[in-house]
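Topology and contacts: notes
Listed here are the chains, written in short residue letters.
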Amino acid sequence: MTNSIGELKDAACILAIGSNTTAAHPVIGFIVKQATRKGNKLIVANPREIELVRYADIWLQQNPGSDVALLMGMARVIVAEGLLDQAFIEQRGENFAAFRESLKDFDLDSVAQITGVPVAKIVEAARLYATTRPASIIYAMGITQHSHGTDNVMAIANLAMLTGNVGKPSSGVNPLRGQNNVQGACDMGALPNVYSGYQAVSNPAVKAKFESAWGVTLDDKPGLTLTEIMDAAHQGKIKAVYLIGENPVLSDPDASHVRKALEKLDFLVVQDIFLTETAQLADVILPGVSFAEKEGTFTNTERRVQRVRQALAPVGEARSDWWIACEIARRMGGKGFDFASPAQIMAEIARVTPSYGGITYDRLETGGLTWPCPDEKHPGTPILHTAQFTRGKGQFLPLKYKPPQELPDAEYPLILTTGRSLFQFHTGTMSRKVGGLNKFMGEELVEINPADAAALGIADGDTVRITSRRDTVAARAKLTATTPPGVVFMTFHFAESPANRLTSPALDPVAKIPELKVCAVRVEKLKQSVAV
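Residues numbered from 1 in each chain as written. Predicted model: local features only at pLDDT ≥ 70, side-chain atom pairs only at ≥ 80, totals over all residues. Heavy atoms only, no water.

1. Quick notes on the layout of surface pockets
Stated formally: Method remark: on a 1 Å grid restricted to protein atoms, a set of points is classed as a cavity if a 1.4 Å probe fits but cannot get out and as a pocket if it is open with protein on both sides within 12 Å along at least five of seven lines; lining residues have an atom within 4 Å of a point. Grid points are joined across faces, edges and corners, and a volume is the space filled by probe spheres set on the points. Residues are sorted three ways: Asp, Glu, Lys and Arg are charged, Ala, Val, Leu, Ile, Met, Phe, Trp, Tyr, Cys and Pro are nonpolar, and all the rest, Gly among them, are polar. Where a domain begins and ends is set by an automatic assignment or by a domain database.
Put simply, the second largest pocket is a space of about 600 Å³. Lining the second largest pocket are 25 residues; nearest its centre among them are Ser421, Leu422, Phe423, Glu447 and Lys478. Its residues placed into classes, the lining of the second largest pocket shows nine nonpolar, seven polar and nine charged. Residue contributions to the lining of the second largest pocket reach at least three from each of two domains, namely domain 1 (5-176) and domain 3 (414-525).

2. Focus: the pairing of strand S19 (residues 472-479)
The criterion, for reference: A pair of strands is treated as paired once DSSP finds two or more bridges between them. A helix here means a DSSP run of H or I that spans at least four residues, while a strand means a run of E at least two residues long, and both kinds are numbered starting from the N terminus.
Pairing between strand S17 (residues 445-448) and S19: four bridges, direction parallel. In the sheet register, Val446 faces S19, and the bridge partner there is Ala477. In terms of strand pairing, strand S18 (residues 463-468) meets S19 through five bridges, oriented antiparallel. Within S19, the position partnered with Val464 by the bridge is Ala475. The hairpin formed by S18 and S19 contains three residues between the paired strands.

3. Observations regarding the sheet that holds strand S9 (residues 240-244)
Here is the rule: Orientation is described by lines fitted to C-alpha atoms, with helices fitted over the stretch in contact, and by angles between N-to-C directions that extend from 0 to 180 degrees.
Reading across from one edge, S9-S10-S11 is the order of the three strands in this open sheet, with parallel pairing throughout. In the strand order of this sheet, the two ends are held by S9 and strand S11 (284-287), each with one partner. Looking at each pair of strands side by side, their axes are set apart by 10 degrees on average, direction ignored. Relative to strand S10 (residues 267-272), S9 is paired through five bridges, and the arrangement is parallel. Residue pairing in the sheet places Ala240 in a bridge with Phe267 of S10.

4. Quick word on the environment of Ala282
Under the convention used in this document: Any two residues having at least one pair of non-hydrogen atoms within 4.5 Å are treated as being in contact.
Its place among the elements puts Ala282 in the loop between S10 and S11. Taking the C-alpha atoms as reference points, Ala282 and Trp323, separated by 41 residues in sequence, lie 20 Å from one another. In this structure, Ala282 is in contact with Leu268 and Val270, ignoring residues within four places of it in sequence.

5. What to know about helix H2 (residues 26-37)
Spelled out, the test is: The length a helix should cover is 1.5 Å for every residue beyond the first. Per-residue accessibility, obtained with a 1.4 Å probe over protein chains only, is compared with the maximum for each type, and a residue is labelled buried under 20%, exposed over 50%, and partly exposed between these values.
An ideal rise of 1.5 Å per residue puts 16 Å on twelve residues; H2 measures up with 16 Å between its terminal C-alpha atoms. The complete set of buried residues in H2 reads Ile28, Gly29, Ile31, Val32, Lys33, Ala35 and Thr36. Of the surrounding elements, those touching the buried residues of H2 are strand S1 (13-17), helix H1 (21-24), strand S2 (41-45) and strand S5 (135-139). Backbone geometry just downstream of H2 places Gly39 in the positive-phi region, at approximately 95 degrees.

6. Section: the domain arrangement of the protein chain
When the parts come together, some accessible area is lost, and that loss is often what is quoted as the size of the interface. This is how the line gets drawn: Computed with a 1.4 Å rolling probe, the buried area is the accessible surface lost when two parts are put together, summed over both parts. Basic side-chain nitrogens of Lys or Arg form a salt bridge, by our definition, when they fall within 4 Å of a carboxyl oxygen of Asp or Glu. Contacts described as polar in this section are N or O atom pairs within 3.5 Å, which, within protein, must combine one atom able to donate a hydrogen with one able to accept it, while residues neighboring in sequence count only if both atoms come from side chains.
By the assigned domains, the protein chain splits into domain 1 (5-176), domain 2 (182-370) and domain 3 (414-525). Taken together, the contact pairs 15 residues of domain 2 with 20 residues of domain 3. Across the domain 2 to domain 3 interface the summed buried area is about 1,400 Å²; carbon plus sulfur atoms make up 66%. Among the residues of domain 2 in contact with domain 3, Leu250, Pro253 and Asp254 are the three that bury the most area, contributing 37% of the side total. Among the salt bridges present, the one from Glu228 reaches Lys512, with a minimum N-O distance of 3.9 Å. In this structure, the connection of domain 2 to domain 3 is made through seven residue pairs in polar contact (both at pLDDT 80 or more).

7. Here's the deal with helix H15 (residues 321-331)
Along H15, the residues classified as buried are Ile324, Cys326, Glu327 and Ala329. Those residues of H15 that are buried are in contact with S9, S10 and S11. A positive phi of about 90 degrees marks Gly333, the residue just after H15.

Below, the structure written as structure tokens:
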């Protein structure tokens, strides 16, 4: 996030796109609702009639996978009507002429045909976003989990820069991360191409710095992403995997392929707090601890580093993840793993990571700090890019609309899109063990529009079979107008109806993120069941 969560309540206009905020990020969703109660404007762009639509001034119900066309169409209106921030563009942007030229490909009639959003609504939304400042954009995996997810994000950045909504309070480009420490994991280099603080492994100076700090020789070639690792394992190119706190048998696309890949390994180690579906395939299981049983830090979606303090003693032989990793390294002869506490690890993080340079456990005792925080006198940075962008000037990028990799046809006539429920979390490893949550949602329900259901002879509560080009799963049908005709919706919380056996492994060519939000399916009635 370029800005902090609390600033959303003072955003004169919020554009929420690709985010079911009240379900996936309920605290932030509450703040968005607070903003609307103050009279602030809300634009929701989502194929489904999510809860925030009830609070929205404008709802853009775009077709799944058409976000680039929608955003570039809005940009075309803003440029054509002179609603852009010319001073910001001249002072802080570059490549604007090429970007403006690319807007010719997005005439509004074509955009309306691609997105399914009427021209008048596109114009109305563009005017509202451009003229109601400060304006903030929030987005989540409905933007990123596409084969053109990088283009989606770039289109959002174009729109924010075009209107000067960057580097100011209650403005910005604000991705909502999918789990409580996803930001922190990325910050620490849990990516194949960077060390901590996004320092590139291919940069000779960075390589030399870490070699000196750690006393080892390092490779300067980026590694593989998670989805690429699974492909390589399936091909026999990877022989062993050490998996920590992840359940790809349920969370990764084309999950049957993932299971086969893991079964082909010579050696699989899983470190987790429960015997997950993935852990059941492991040769060795290492028992980690939950958030309540360990010391450490989480870095949340607004880049805020916060202390986690142990409240409970670990159960049985469970140990902290850092201790397990260090103990394995020491027994393999590794040097530099003689840490006595997480505070010592944080001190090393600060030494080698400029953006975390001023973050210490002592400072975190009195509250969180947002990075970049380069030294111990620095107060942290709640707003990014106030004076300039990391690269200097912000680059406007010309874009082209690219459809999803997989589209419906006669055999698979519907689009499946996936997401989360308010009442379960991710693969259900923890939340499904809570009886109260299961009373709210205890099984998978495939949402289908009543018009589609009528055509298929499906009644509410019927057990149906959902089939994609990869696999088949069964679930009960929930008839609802929340999901538009031609689209069905599932979560991925339930091992009994694993939606990700159906989803597409097509990858964004830059970020390598899979297209979990769009795949083609057919739905067939299996038997009558109890109404839901």
